[in-house]
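# Residue-level structural notes
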Amino acid sequence: MTVAPLAIATQPALAVKPGRLDWWRRLPLKAKIGAVLLGLFVLASIIGPFVTPYDPSYSNPSPNLALNPPDAAHLLGTTQSGQDVLSQLLVGIRLTLELAAAVGVAATALSVIVGVTAAFLGGLWDDLLSLTSNVFLVIPSLPLLILLLGYLPQKGQLATILVLSLLGWPWGARVIRAQTLAIRRRDFIAASRETGERTWRIIAFEIVPNEVSLIAASFVNTVLYAIGASVALAFIGLADLNSWSLGTILYWAQSQQALQLGAWWWFMPPGLAVALMGTALVLLNTGIDELGNPRLRNAASAVKVNGHRQRPADPTPVWHPDSQEQQRSRLASVLHSFSRSSLMDGKAGGP
């Protein structure tokens, strides 16, 4: 019997290039939901001021337009001064996100500089920078924010950004310092030092690229902190009340007793926007942390064992019978086999 020779390909196989959306497929579901939800708010902040139906600061003198519920002319109703709530909301989302993004960039950059420098240089620098971050950590942030913004002569966006950035970097610096201490002991860092690489090149091209996911998570967490803090400061009146942000809308709604008057359309849309922004950032932060941490990524995957979803981090499952009938049948079979083996031993040991 003759065997046909195997065909050998003479042309080299083409390398399969990864698709452009492979990074999106690798993202956890939490990160996808958070990114989509946050993207909707970013889109609203970009196009919102250009599609506002009315001037958000225009007070209509007609008393018939005061505290009107949502209708065709005003989709989210009007305030006590006849101002359109939808126009205020679209402008407020943009201003709130701009402030939070600026605080996130400034505080994250400061935390990366302090954390990486303290861990990599060590010695006196580590003690000094760690002491500075610990001092900022033990200071109560909200009372200090109130004091600083209360005594500043100007209460604009720049003052709020500077104060929030000054108080928003210590937590990220502590986490990045701990990660840098683990990376600096690895072999490729020692090899870079032996080859004569400069310190700034080791930090910029060897250490920081290995902490991208941690830095991204710290940035998202700082943006979340900035949104909550800026809304809280504006709600108590420690912000520029002439500019429309989500906190400013809530301030005027509270000062004009919208809750007591039953004007839910005045305070619910900005409150819901703040809540959804926070939810999106929490989901995105959790997804980024899961993507960069192999243990969390493996724990997120689950398989079914005996009909139950089992995760790798859970204890080893123990099989349980489905019914009492199976338990009785198994016990009867064990007793029968035991009695039979005892009878056979008795016959074998007889005279």
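Residues numbered from 1 in each chain as written. Predicted model: local features only at pLDDT ≥ 70, side-chain atom pairs only at ≥ 80, totals over all residues. Heavy atoms only, no water.

As a further point, take the nonpolar core. As a rule of thumb, soluble globular proteins bury nonpolar side chains together. Counting 34 residues, the largest nonpolar core has I93, L145, L164, I227, L246 and M277 as its most contacted members. Among the secondary structure elements, those contributing two or more residues to this core are α2 (29-47), α3 (85-121), α5 (141-151), α6 (157-167), α10 (212-235), α11 (246-255) and α13 (264-292). Here the element with the most residues in this core is α10; it accounts for eight residues. Core analysis: the next-biggest nonpolar cluster, separate from the first, contains ten residues, V112, F120, I183 and I203 among them. (Core = buried A, V, L, I, M, F, W, Y, C linked by side-chain atoms within 4.5 Å. Buried < 20%, exposed > 50% of the residue type's maximum accessible area, 1.4 Å probe, protein only. Helix = DSSP H or I, 4+ residues; strand = E, 2+ residues; numbered from the N terminus.)

Taken together, the side chains of V42, L43, I46, I47, F50 and V51 present a nonpolar region at the surface, about 580 Å² in accessible area. Tracing the chain through its elements places V42 in helix α2. Among the residues examined, V42 registers a relative accessible area of 35% and is labelled partly exposed. (Patch = residues over 30% accessible without salt bridge, like charges linked within 9 Å, V, L, I, M, F, W, Y side chains within 5 Å. Areas by Shrake-Rupley, 256 points an atom, 1.4 Å probe, with all protein chains shown as cover. Salt bridge = Lys/Arg side-chain N within 4 Å of Asp/Glu carboxyl O.)

Following the criterion strictly, the structure yields three salt bridges and no others. With a shortest N-O distance of 2.9 Å, D126 and R177 are connected by a salt bridge. In this pair, D126 is assigned in helix α4 (residues 123-138) and R177 in helix α7 (residues 170-183), connecting sequence segments 51 residues apart. When sorted by exposure, D126 lands in the same class as R177, which is buried.

This part takes up the confidence of the model for the protein chain. The predicted model of the protein chain has a mean per-residue pLDDT of 80, with 76% of residues at 70 or higher. When the criterion is pLDDT under 50, residues 6-16 qualifies, and its contacts beyond four places in sequence or with other chains add up to zero contacts. (pLDDT = per-residue confidence, 0-100. Contact = heavy atoms within 4.5 Å.)

This part covers the environment of F188. Position of F188 among the secondary structure elements: in helix α8 (residues 187-194). Exposure remark for F188: the relative accessible area of 28% places this residue in the partly exposed category. A sequence separation of 19 residues divides F188 from I207, and the C-alpha atoms of the two residues are 10.0 Å apart. Once residues within four sequence positions are removed from consideration, F188 is found in contact with I183, E206 and N210.

With that settled, the discussion passes to the packing of α3 against helix α9 (residues 199-207). Close contact between α3 and α9 brings their axes to 12 Å; oriented N to C, the two are set at 120°. Classified by the interaxial angle, the pair formed by α3 and α9 is oblique. When the axes of α3 and α9 are compared, the crossing they make is right-handed. Between α3 and α9, the residues in contact are V116, F120 and L121 and T199, I202, I203 and I207, respectively. In the contact of α3 with α9, the residues fall into six nonpolar, one polar and no charged. (Axes fitted to C-alpha atoms, helices over the stretch in contact; angles between N-to-C directions. Parallel < 35°, antiparallel > 145°, perpendicular 65-115°, else oblique. Left-handed = near helix turned anticlockwise from the far one by under 90°. Nonpolar A, V, L, I, M, F, W, Y, C, P; charged D, E, K, R; others polar.)

Moving on: the packing of aromatic side chains. For the coordinates displayed, the defined rule picks out three aromatic pairs. When the centroid spacing of 5.2 Å and the interplanar angle of 70° are considered together, the rings of Y251 and W252 count as edge-to-face. Residue W252 is classed as partly exposed on the basis of its relative accessible area, which comes to 29%. Relative to W265, the ring of W264 has its centre 5.8 Å away and its plane inclined at 80°; by these criteria the two rings are edge-to-face. Taking the relative accessible area as the measure of exposure, W265 reaches 8% and is therefore buried. Over the ring of W200 we find R201, and its NZ or CZ is 5.7 Å from the ring centre. (Phe/Tyr/Trp six-rings, centres within 6.5 Å; stacked < 30°, edge-to-face > 60°. Lys NZ or Arg CZ within 6 Å of the ring centre and 35° of its normal.)

Attention shifts here to the environment of L65. In this fold, L65 is placed in the loop between α2 and α3. Exposure remark for L65: the relative accessible area of 23% places this residue in the partly exposed category. Considering only alpha carbons, one finds L65 and T78, 13 residues apart in sequence, at a separation of 6.8 Å. Once residues lying within four places of it in the same chain are set aside, the contact partners of L65 are N60, H74, T78, T79 and G82.

Working note: α-helix, 3.6 residues per turn, so residues spaced by three or four point in the same direction. Taking 1.5 Å as the rise per residue, α3 with 37 residues should run 54 Å; its terminal C-alpha atoms sit 53 Å apart, in good agreement. G122 lies just past α3 and shows a positive phi near 70°. (Expected span 1.5 Å × (residues − 1).)

Close contact between α8 and α9 brings their axes to 11 Å; oriented N to C, the two are set at 145°. Crossing geometry of α8 relative to α9 is assigned as right-handed. Residues F188, I189, S192 and R193 of α8 form the contact with α9, whose own contacting residues are I202, E206 and I207. Split by residue class, the contact of α8 with α9 holds four nonpolar, one polar and two charged.

A separate point is unusual backbone geometry. Of note in this structure, L67 is not a glycine but carries a positive phi near 55°. Within the element layout of this structure, L67 appears in the loop between α2 and α3.

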